[in-house]
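Summary of structural features
Chain residues, written in single-letter form:
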Amino acid sequence: MMREERIRRMPVVISALVALTLAILPLPKVLDAFRPDFLVLVVFYWSIESPRAGGLTLAFIAGLALDVVHGVVLGQHALALTLMAAWATNFRLRIRVFSPVSQSLTIFAFLTGYQFILFWIDGATGNAVTSFGRWLAPVTGALLWPLTVGSLTRLSEHRSP
Amino acid sequence: MVAFRSSDTSGRSTGLLLRCVLFSLLAVALMIVDKRYDHLGKIRRALSIVAYPVQLAVASPFEGWAWLRENLTTREALRSDKAKLEDELRVAEFRLQRYEALEAESRRLRALRDSTAGVGSRFIVGDIMDVDLDAFRERVLVDKGARDGVYVGQAVLDAGGVFGQVARVDQLTCEVILISDAAHAIPVQVNRNGLRTVAVGTGNLSRLKLPYISTAADIIKGDLLVSSGLGGGFPAGYPVGTVVEVKRDPAQSLADVVVSPAAALDRSRELVFVWLTPAAPSTPSVPAATPTPAATPAPPTASVPGAPVAAGAAPAAARVAGGVKK
């Protein structure tokens, strides 16, 4: 049992760390607004694919990590990511049988909801970012979803044959 | 192409709902505690130490590349660099000769006026880490933290002028908010005539704006703005920017003034952290913004400036009096 748990968790941890690295990788100013929320995509993937491996604990911890590296109020990303990951987990059985396009559209809805919660908390804590650019990340994230699924499926199958 | 393994049968929705509510409440509680009270500083510092290796891992390839480029320059390049630097040094030394006399004079005059404008007394240099914090906020991460005595609100300069101030301090790193951040404002003064105002960031690295200039105010394109030192957050007299555009609409009461920052906000790698000490410590109402929290080691020169100022003041006053008599 322990062994099985271990094998399952390794790809989750690795993918989350890689995504966190991608989230703070310096990009040219022009491209910065287009950067998808890598870690959020990874959390969504594990929420849909196997909620037992990561689940809401992963979502919460990943959110806290984002709070720390972005230097915002502690709990902001954690709240947004927890709520959206719970939603994704709830619909996971349906999402799994969606066509790739429908999947991307669903993920777009999740990412927009995530971004909206962030936007709302930004405003509530008194440093609102009203620039239109922040709504670009959900679009690029949704476009990147098939690639995320492809690479993470390969990773999980490679690690636990 | 997109295929999930449907092996999972766990996670009943009631359990999911319960955990979702639990984690959400935890997150909300964290936010409230973090925002309202200052108890989370230690937790945040601990977490940021955990995040530090990731940030270092991201930053190190870029630093490695810079190091490699630095070490693989040709003899020719080094030689021409050396010649250029020597020229610059000569000019700088020439300027410095006048500067020291001017500084002494300014101190005497300030002492006469009982001015409290802060002067920088101690400096350390920090490097910007190649890490992106947020695409929509003008902030950078610097490799100096509470360990080095950096405090929140501390003024940060670069070679060109005022760069920003410290917004958050962790154990090993700190976050500097640039003067161009939309949430940042700095008290400034027009160097030509002493007109005081506030320069506010725009979210654009290459421009600041002066929103509180009346259409009748004497300000023209090309004016140099220096920090006024009012409020005590920034040292006085450092360049902030130059006015690049003044739009006066007779129908409006306020003019539209655009400023280009003096600091290389998008290019600087080394930043200077300044410790302020009030120039005239005799004044009781020292501005509140010279914070010396327990974590900050007292600047070694903290008690010194009083002496030269006072010493300088007396002969200056005598000289002025003497001049008047004559």
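Residues numbered from 1 in each chain as written. Chains lettered and ligands numbered in written order. Predicted model: local features only at pLDDT ≥ 70, side-chain atom pairs only at ≥ 80, totals over all residues.

Quick notes on the overall build of chain A
Counting its regular elements, chain A contains 8 helices and 0 strands. Counting helices and strands in the order they occur from the N terminus, chain A gives α-α-α-α-α-α-α-α. Counting only residues that meet the buried cut, chain A has 48% of its 161 residues in that class. Pairs at least 24 residues apart make up 66% of the contacts formed inside chain A by residues separated by at least 6 positions. (Helix = DSSP H or I, 4+ residues; strand = E, 2+ residues; numbered from the N terminus. Buried ≥ 20, exposed ≤ 12 C-beta atoms within 10 Å, placed from the backbone. Contact = placed C-beta atoms within 7 Å.)

Concerning the overall build of chain B
In terms of helices and strands, chain B carries 4 helices and 12 strands. Counting every position in chain B, which comprises 326 residues, the buried fraction comes to 30%. Sequence-distant contacts in chain B: of pairs separated by 6 or more residues, those separated by 24 or more amount to 64%.

Focus on the packing of helix H3 (residues 38–49) of chain A against helix H4 (residues 55–70) of chain A
Residues and elements named next belong to chain A. One way to put it is that H3 packs onto H4 with a least axis distance of 10 Å and a crossing angle of 175°. Judged by the inter-axis angle, H3 sits roughly antiparallel to H4. Judged by residue contacts, Leu 39, Val 43, Trp 46 and Ser 47 of H3 engage Leu 58, Ala 59, Ala 62 and Leu 66 from H4. Looking at the contact of H3 with H4 residue by residue, the classes come out as 7 nonpolar, 1 polar and no charged. (Axes fitted to C-alpha atoms, helices over the stretch in contact; angles between N-to-C directions. Parallel < 35°, antiparallel > 145°, perpendicular 65-115°, else oblique. Nonpolar A, V, L, I, M, F, W, Y, C, P; charged D, E, K, R; others polar.)

Examining the pairing of strand E11 (residues 256–261) of chain B
Residue and element names in this part refer to chain B. Alternating residues of E11 divide into Val 257, Val 259 and Pro 261, all buried, and Asp 256, Val 258 and Ser 260, none buried. In this structure, strand E8 (residues 208–210) lies alongside E11, joined through 3 bridges in antiparallel fashion. In the sheet register, Leu 210 faces E11, and the bridge partner there is Val 257. For strand E10 (residues 239–247) and E11, the ladder comprises 6 bridges, and the chain directions are antiparallel. Looking at the pairing, Glu 245 lines up with Val 258 of E11. (Pairing = 2+ DSSP bridges.)

Re the interface of chain B and chain A
When the parts come together, some accessible area is lost, and that loss is often what is quoted as the size of the interface. In this assembly, 41 residues from chain B lie in contact with 44 residues from chain A. Residue assignment for the side of chain B that touches chain A shows that the elements contributing at least two residues are helix H1 (13–36) and helix H2 (41–71) of chain B. Residue contributions to the side of chain B that touches chain A peak at 12 residues, all from H1(B). Counted by class, the side of chain B that touches chain A contains 22 nonpolar, 7 polar and 12 charged residues.

Quick look at the packing of H4(A) against helix H5 (residues 76–90) of chain A
Residues and elements named next belong to chain A. Put simply, H4 and H5 touch, their axes get as near as 7 Å, and they point 150° apart. Comparing their axes, H5 and H4 come out roughly antiparallel. You can see that H4 and H5 cross each other, and the crossing is right-handed. Contacts from Leu 56, Ala 59, Phe 60, Ala 62, Gly 63, Leu 64, Leu 66 and Asp 67 in H4 reach Gln 76, His 77, Ala 78, Leu 79, Ala 80, Leu 81, Thr 82, Ala 85 and Ala 86 in H5. When the residues that make up the contact of H4 with H5 are grouped by side-chain class, the tally is 12 nonpolar, 4 polar and 1 charged. (Left-handed = near helix turned anticlockwise from the far one by under 90°.)

Structural notes on the nonpolar core
Of all hydrophobic cores here, the largest spans 102 residues; its most connected members are Leu39(A), Val42(A), Val43(A), Phe44(A), Leu81(A) and Val176(B). Setting aside chain neighbours within four positions, we find Leu39(A) in contact with Ala16(A), Ala19(A), Leu20(A), Ala23(A), Ala62(A) and Leu66(A). (Core = buried A, V, L, I, M, F, W, Y, C linked by C-beta atoms within 7 Å.)

Re the confidence of the model for chain B
Residue and element names in this part refer to chain B. Residue-level pLDDT values for chain B average 76, and 76% of them are 70 or greater. Counting contacts from residues 1–11, a segment whose pLDDT is below 50, to residues more than four positions away or on other chains yields 19 contacts. Prediction confidence for the complex, expressed as pTM and ipTM, is 0.66 and 0.81 respectively. (pLDDT = per-residue confidence, 0-100.)

Re the pairing of strand E7 (residues 196–201) of chain B
A regular strand places its side chains so that they alternate between the two faces of the sheet. All names here are of chain B. Sheet topology note: the strand E6 (residues 185–190)/E7 ladder contains 5 bridges and is antiparallel. Across the sheet, residue Val 188 finds its bridge partner in E7, namely Thr 197. Taking the residues that link successive antiparallel strands as the turn, the E6-E7 hairpin has 5 residues, and the phi of Gly 194 there is positive, at about 80°. For E7 and E8, the ladder comprises 2 bridges, and the chain directions are antiparallel. When the bridges of E8 are listed, Val 200 appears paired with Lys 209. As consecutive antiparallel partners, E7 and E8 are separated by 6 residues, and within that stretch Gly 203 has a phi angle of approximately 90°, a positive value.

Concerning the sheet that holds E7(B)
Taken in spatial order, the 6 strands line up as E6-E7-E8-E11-E10-E9 (chain B) and close into a barrel, and their pairing is antiparallel. Taking each pair of neighbouring strands and ignoring which way they run, the sheet shows an average axis angle of 40°.

Let's talk about the environment of Ala78(A)
Residues and elements named next belong to chain A. Residue position: Ala 78 is located in helix H5. On the neighbour-count criterion, Ala 78 (25 C-beta atoms within 10 Å) is buried. A C-alpha to C-alpha distance of 7.9 Å links Ala 78 and Leu 66, two positions 12 residues apart in sequence.

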